[in-house]
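# Descriptive structure summary
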Amino acid sequence: MKPETAFWVGACLVAALTSAQGQTSNASEPPPPSIEVPDLRTVNPVVVCGNCDQPFDTSTHKEVLQGLVSNKYIGELRKALYWQDTYHQSKSKAHFDNCAFNEAVGYMESLLAEVDSHVQSAKVANEQGDAASADAALVKAFFALGQTLHGVQDFYAHTNYVELSVSQVKKSTDIEVIAPWKPEGKQRIAELVSKPPGKALVSGVVFWGFPQICPNGTLSHKDMAKDKATTTSGMLKVAHLQNRNQYQIAVQLAREASQELIDYAFRKWPLMKKANGENVAFEVLVDRRGL
Ligand SMILES: [Zn+2]
């Protein structure tokens, strides 16, 4: 082989290998999104009053939000919302992906058990007069609660629950809010999953996520996700529900379920409410992963 021929063969081989590597990286997990948590004032968060007799007074929204910007418990809760996309992006159970319903519900249970164990540690530390350890434990409790909150919201954005529900109601507020961490919620999910093909609850297929339990032919995550108003499914308008799109309906349900989770947590662990105060601010439907 002449030197110049050898050069061209070598160059072609390099080109072919580079191209193959390019294809491989497209077919595998995308790089994880940034963990940077934006300033609370820039994200248009919802504010809820946790386990209160009256709902949050929206007329004081601005002042309350200002007060929550430097609240470390809210900081931890929100950090956890983003953490799930960055450090657990391929875990189906963290996002209700790939029809991993049992796994997602079980994961939520284990996260709430973590919250409980941190709160118990905080109580013990308080009894021993160790305020610093008690506070550190409560900060961890808020992180685990934020991880749970991420999954609760993803249920509405990543499954076909909205699609299955809209045809059954006359108003979007008539759609049943499912709390997947409660026995009734788990039972409802199990019922919906076991319906005949085409009518059953499924979630989108993330081809680089694990485990994958969806029946053949289930839509991809890209086609099912309602995290944004610009996705294929999110932008679909529902004529008989005031022409609202499926993203807006997913946000409404995710927000109501989020309020229920905060109420549940503050009722079960009053120490969390005492440390944080009654108001909690957070994003609804954070999704930074690639579709
Ligand atoms: Zn998610």
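Residues numbered from 1 in each chain as written. Predicted model: local features only at pLDDT ≥ 70, side-chain atom pairs only at ≥ 80, totals over all residues. Heavy atoms only, no water.

## Details of the environment of Val 177
Looking at where Val 177 falls in the secondary structure, it is placed in the loop between α7 (161–166) and α8 (183–193). For the pair Val 177 and Ala 157, spaced 20 residues apart in sequence, the C-alpha to C-alpha distance is 13 Å. (Helix = DSSP H or I, 4+ residues; strand = E, 2+ residues; numbered from the N terminus.)

## Focus on helix α6 (residues 131–158)
Counted at 1.5 Å a residue, the expected span for α6 with its 28 residues is 40 Å, and the 40 Å between its end C-alpha atoms agrees. Within α6, 22 of the 28 residues are buried, which leaves the element mostly enclosed by the surrounding structure. (Expected span 1.5 Å × (residues − 1). Buried < 20%, exposed > 50% of the residue type's maximum accessible area, 1.4 Å probe, protein only.)

## Notes on the confidence of the model for the chain
Summarising the model, the chain shows a mean pLDDT of 91, and 91% of its residues fall at 70 or more. A low-confidence stretch, residues 1–26 (pLDDT under 50), is modelled with three contacts involving residues beyond four sequence positions or located in other chains. (pLDDT = per-residue confidence, 0-100. Contact = heavy atoms within 4.5 Å.)

## Remarks on the packing of helix α5 (residues 101–127) against α6
It is the contact of α5 with α6, at a shortest axis distance of 8 Å, that shows an interaxial angle of 165°. Between α5 and α6, the crossing angle belongs to the class labelled roughly antiparallel. In terms of crossing hand, the pair formed by α5 and α6 is left-handed. Taken together, the residues of the contact of α5 with α6 sort by class into 17 nonpolar, seven polar and two charged. (Axes fitted to C-alpha atoms, helices over the stretch in contact; angles between N-to-C directions. Parallel < 35°, antiparallel > 145°, perpendicular 65-115°, else oblique. Left-handed = near helix turned anticlockwise from the far one by under 90°. Nonpolar A, V, L, I, M, F, W, Y, C, P; charged D, E, K, R; others polar.)

## Topic: α5
An ideal rise of 1.5 Å per residue puts 39 Å on 27 residues; α5 measures up with 39 Å between its terminal C-alpha atoms. By the burial criterion, the buried members of α5 are Phe 101, Ala 104, Val 105, Tyr 107, Met 108, Leu 111, Leu 112, Val 115, His 118, Val 119, Ala 122 and Ala 125. Its buried side turned inward, α5 meets α3 (72–87), α4 (92–95), α6, α8, α10 (246–268) and α11 (270–276). Among the residues trailing α5, Gly 129 stands out with phi positive, at a value near 75°.

## A few points about the pairing of strand β4 (residues 279–282)
By the alternation rule, side chains of β4 split into Asn 279 and Ala 281 and Val 280 and Phe 282, which are all buried. Inspection of the sheet shows strand β1 (residues 46–49) paired to β4 by four bridges, in the antiparallel sense. Looking at the pairing, Val 47 lines up with Ala 281 of β4. (Pairing = 2+ DSSP bridges.)

## A few points about the coordination of the zinc ion
Looking at the zinc ion, the protein donor atoms are His 95 (ND1), His 150 (NE2) and Asp 154 (OD), and they sit 2.0 to 2.1 Å from it. Summarised as a motif, the one-chain spacing of the donors to the zinc ion is H-x54-H-x3-D. With His 95 in helix α4 and Asp 154 in helix α6, the pair connects residues that are 59 residues apart, well separated along the chain. Like Asp 154, His 95 is buried. (Donors = N, O, S within 2.8 Å, 3.2 Å for Na, K, Ca; no water.)

## Describing the environment of Val 202
Along the chain, the position of Val 202 falls in the loop between α8 and α9 (221–224). Those residues within four positions of Val 202 in sequence are excluded, and the remaining contacts are Cys 99, Phe 101, Thr 159, Asn 160, Pro 215, Thr 218 and Met 224.

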